[in-house]
Amino acid sequence: MHRAREHTATQTRERRQRLAHEAARLMAEGGIQDFHQARRKAATRLGIHDEASLPRNVEIEQALREHQRLFAGTRQADALRTLRMAAVPALEFLQPFAPRLVGPVLEGTADAHSPVHLHLHEDDADAVPRFLEEHGIPAQPRSRRLRWDRTRVIDVPVWGFSADGVSFELLVLPYDALRQAPLSPVDDRPMQRASLAQLRGLLAAG
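Residues numbered from 1 in each chain as written. Predicted model: local features only at pLDDT ≥ 70, side-chain atom pairs only at ≥ 80, totals over all residues. Heavy atoms only, no water.

### Remarks on the sheet that holds strand S5 (residues 166-173)
For step 1, the next point in the chain: On the basis of which strands lie adjacent, the open sheet formed by 5 strands has the order S1-S2-S5-S4-S3 and mixed pairing. Each edge of the sheet is formed by a strand with only one pairing partner; in this case those strands are strand S1 (100-102) and strand S3 (140-147). Averaged over neighbouring strand pairs, the angle between their axes works out to 35 degrees when direction is ignored. (Pairing = 2+ DSSP bridges. Helix = DSSP H or I, 4+ residues; strand = E, 2+ residues; numbered from the N terminus. Axes fitted to C-alpha atoms, helices over the stretch in contact; angles between N-to-C directions.)

### A short note on the nonpolar core
As a rule of thumb, nonpolar side chains are buried together in soluble globular proteins.
For step 1, the next point in the chain: If you look at the biggest cluster of nonpolar residues, it comprises 31 residues, and the most contacted ones within it are Leu101, Val116, Leu118 and Leu170.
For step 2, the next point in the chain: Those elements that provide at least two residues to this core are helix H4 (74-93), helix H5 (104-107), strand S2 (116-121), helix H6 (127-134), strand S4 (153-163), S5 and helix H7 (196-204).
For step 3, the next point in the chain: By residue number, the principal contributor to this core is H4, which donates 7 residues.
For step 4, the next point in the chain: Those residues in contact with leucine 101 that lie beyond four places of it in its chain are Ala87, Leu91, Leu106, Val116, His117, Leu118, Gln192, Arg193, Ala194 and Leu199.
For step 5, the next point in the chain: In terms of nonpolar packing, the next biggest core, distinct from the first, is built from 19 residues, Leu26, Phe35, Val58 and Ile60 among them. (Core = buried A, V, L, I, M, F, W, Y, C linked by side-chain atoms within 4.5 Å. Buried < 20%, exposed > 50% of the residue type's maximum accessible area, 1.4 Å probe, protein only. Contact = heavy atoms within 4.5 Å.)

### A few points about the pattern of salt bridges
For step 1, the next point in the chain: Taken as a whole, this structure holds 16 salt bridges when the rule is applied.
For step 2, the next point in the chain: Where arginine 25 meets glutamate 22, a salt bridge forms, and the shortest distance between an N and an O atom there is 2.8 Å. Residue arginine 25 and its partner glutamate 22 are located together in helix H1 (residues 2-30), separated by 3 residues, close to a single helical turn.
For step 3, the next point in the chain: Arginine 25 gets classed as partly exposed once you look at its relative accessible area, which sits at 26%.
For step 4, the next point in the chain: Its relative accessible area of 13% is what places glutamate 22 among the buried residues.
For step 5, the next point in the chain: Linking arginine 45 and glutamate 22 is a salt bridge whose minimum nitrogen-to-oxygen distance equals 3.9 Å. In this pair, arginine 45 is assigned in helix H2 (residues 35-46) and glutamate 22 in helix H1, connecting sequence segments 23 residues apart. (Salt bridge = Lys/Arg side-chain N within 4 Å of Asp/Glu carboxyl O.)

### Overview of the packing of H4 against H7
For step 1, the next point in the chain: It is the contact of H4 with H7, at a shortest axis distance of 10 Å, that shows an interaxial angle of 155 degrees. The orientation of H4 relative to H7 falls into the category roughly antiparallel. H7 is crossed by H4, and the crossing has left-handed handedness. Together, Arg81, Arg84, Met85, Ala87, Val88, Leu91 and Glu92 of H4 and Leu196, Leu199, Arg200, Leu202 and Leu203 of H7 make up the contact between the two elements.
For step 2, the next point in the chain: Each residue belonging to the contact of H4 with H7 can be placed in one class, and the counts come to 8 nonpolar, no polar and 4 charged. (Parallel < 35°, antiparallel > 145°, perpendicular 65-115°, else oblique. Left-handed = near helix turned anticlockwise from the far one by under 90°. Nonpolar A, V, L, I, M, F, W, Y, C, P; charged D, E, K, R; others polar.)

This is how it looks when you write it as structure tokens:
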């Protein structure tokens, strides 16, 4: 009985690893940005549907980093630096809203398909679109759900636009979010964030 349980557990671990690597491949090669979408698509492709075999987001991210290291090499590193460089003038421009760089561009898993995600902090929901309009920047509105903390999920406005071939997504959060970042979809911990000064330091460090 014990040996049978061990065998089952080993099979489940192997399926999780296969699914994590397939989801990572889909994200790296197919331009999928959403962990849930990549996981479900990988499960369909591999014909694995039991919940115990579905990898967590953090497992997929680890597999994505490995895939990029093995197959993308300097190409991914160059794309990442390009996106980080593009984030510098965006953070300068958006200084009235205490902007912070977040997401794959900061964390190092972004590639040429990735948008630059910025958190803006403003209690007046109309201030950001008004600011963009005043500066002649056409932006498309949408919304996104974020985990504010362990018990609350909030919908926040998002403004998307492109500049010089780079896509930007501006998530508008209450000003209080400067003190406590929303939770990361990867590991359920407060999101990593970088100010303009911190991003410049990151670029200078290579």
